[in-house]
Amino acid sequence: MFITVLLALVAGFFAGNGLPYYVQGSLGEGRNPSPFPDRPYVNVLVGLLAFIIAGTAWSFANVQAHPAPAWLSAAAGLLVVALIHTRTWRDENPWGKRTARS
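Nothing here was measured: the structure is a model prediction, and the numbers come from that model. As a convention, each chain's residues are numbered from 1 in the sequence order in which they are written. Restriction of local features to residues with pLDDT of at least 70 applies here, the model being predicted, together with a cutoff of 80 or more for giving and counting side-chain atom pairs; totals for whole chains, interfaces and linings are based on all residues. For side-chain calculations, the full set of non-hydrogen atoms in the structure is used, while hydrogens and water are omitted.

Caption draft 1: Structural context of the packing of helix 1 (residues 2–26) against helix 2 (residues 40–59). In this analysis an axis means a line fitted to C-alpha atoms, helices contributing only their contacting stretch, and an angle means the value between N-to-C directions, from 0 to 180 degrees. Helix numbering and strand numbering both begin at the N terminus, where a helix is a DSSP run of H or I of at least 4 residues and a strand a DSSP run of E of at least 2. Interaxial distance between helix 1 and helix 2 falls to 7 Å at its minimum, and their mutual angle equals 160°. For the element pair helix 1 / helix 2, the angle class is roughly antiparallel. Regarding helix 1 and helix 2, the two cross each other, and that crossing is left-handed. Taken together, the residues of helix 2 that come into contact with helix 1 (itself represented by Leu7, Ala8, Val10, Ala11, Phe14, Ala15, Gly18, Leu19, Tyr21, Tyr22, Gly25 and Ser26) are Pro40, Asn43, Val44, Val46, Gly47, Leu48, Ala50, Phe51, Ile53, Ala54, Ala57 and Trp58. Classes in brief: Ala, Val, Leu, Ile, Met, Phe, Trp, Tyr, Cys and Pro nonpolar; Asp, Glu, Lys and Arg charged; the others, Gly included, polar. The residue inventory of the contact of helix 1 with helix 2, partitioned by class, reads 19 nonpolar, 5 polar and no charged. Put simply, angles under 35 degrees are roughly parallel, angles over 145 are roughly antiparallel, angles from 65 to 115 are roughly perpendicular, and the rest are oblique. Crossing handedness follows the turn of the near helix against the far one: under a right angle anticlockwise gives a left-handed crossing, and clockwise gives a right-handed one. By the convention used here, residues are in contact when the closest approach between their heavy atoms is within 4.5 Å.

Dropping the structure here:
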């Protein structure tokens, strides 16, 4: 059951992390806090990679054997990444990238 909980937590974390990157990139915006270049296609690729990691972790999580702990862990992963985003994305330049202003 520990592996199920861990993999579900990873799946929730990466699904929650990939969503804003994918959506912002799909809308043609590239201003997401990331160590990568501020380009829309980069955001789409980062989001897609996060979705692939989330899907892979979820597929190996054996959710059928332990559904309640798996879903709760996935929700916890979503919550953790949301709290990280609220703190990190509030900053103008969280990764310390060079900008035209600095």
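After that view of the structure, there is still more to cover.
Caption draft 2: Geometry of helix 1. Taking 1.5 Å per residue, 25 residues should reach 36 Å; helix 1 reaches 36 Å between its end C-alpha atoms and fits that length. Listing the buried residues of helix 1 in full gives Thr4, Ala8, Ala11, Gly12, Gly16, Asn17, Gly18, Pro20, Tyr21 and Gly25. Looking at the buried positions of helix 1, the neighbouring elements they touch are helix 2 and helix 3 (67–88). The span one expects for a helix is its residue count, reduced by one, times 1.5 Å. Between buried and exposed lies partly exposed: a residue is buried under 20% and exposed over 50% of the maximum accessible area for its type, with that area taken using a 1.4 Å probe on protein chains only.

Caption draft 3: Main features of unusual backbone geometry. If you check the backbone angles, Asn62 has positive phi at about 55° while not being a glycine. Summarising the element assignment, Asn62 is placed in the loop between helix 2 and helix 3. For Asn62, a relative accessible area of 40% gives the class partly exposed.

Caption draft 4: Geometry of helix 2. Taking 1.5 Å per residue as the helical rise, helix 2 with its 20 residues ought to reach 28 Å, and the 28 Å between its terminal C-alpha atoms agrees with that figure. Summarising the contacts, the buried residues of helix 2 are in contact with helix 1.

Caption draft 5: The side chain of Ser73, seen in detail. Among the structural elements, Ser73 can be located in helix 3. Overall, Ser73 belongs to the buried group, its relative accessible area being 9%. Ser73 has contacts with Val5, Ala8 and Leu9, leaving out every residue within four places of it along the chain.

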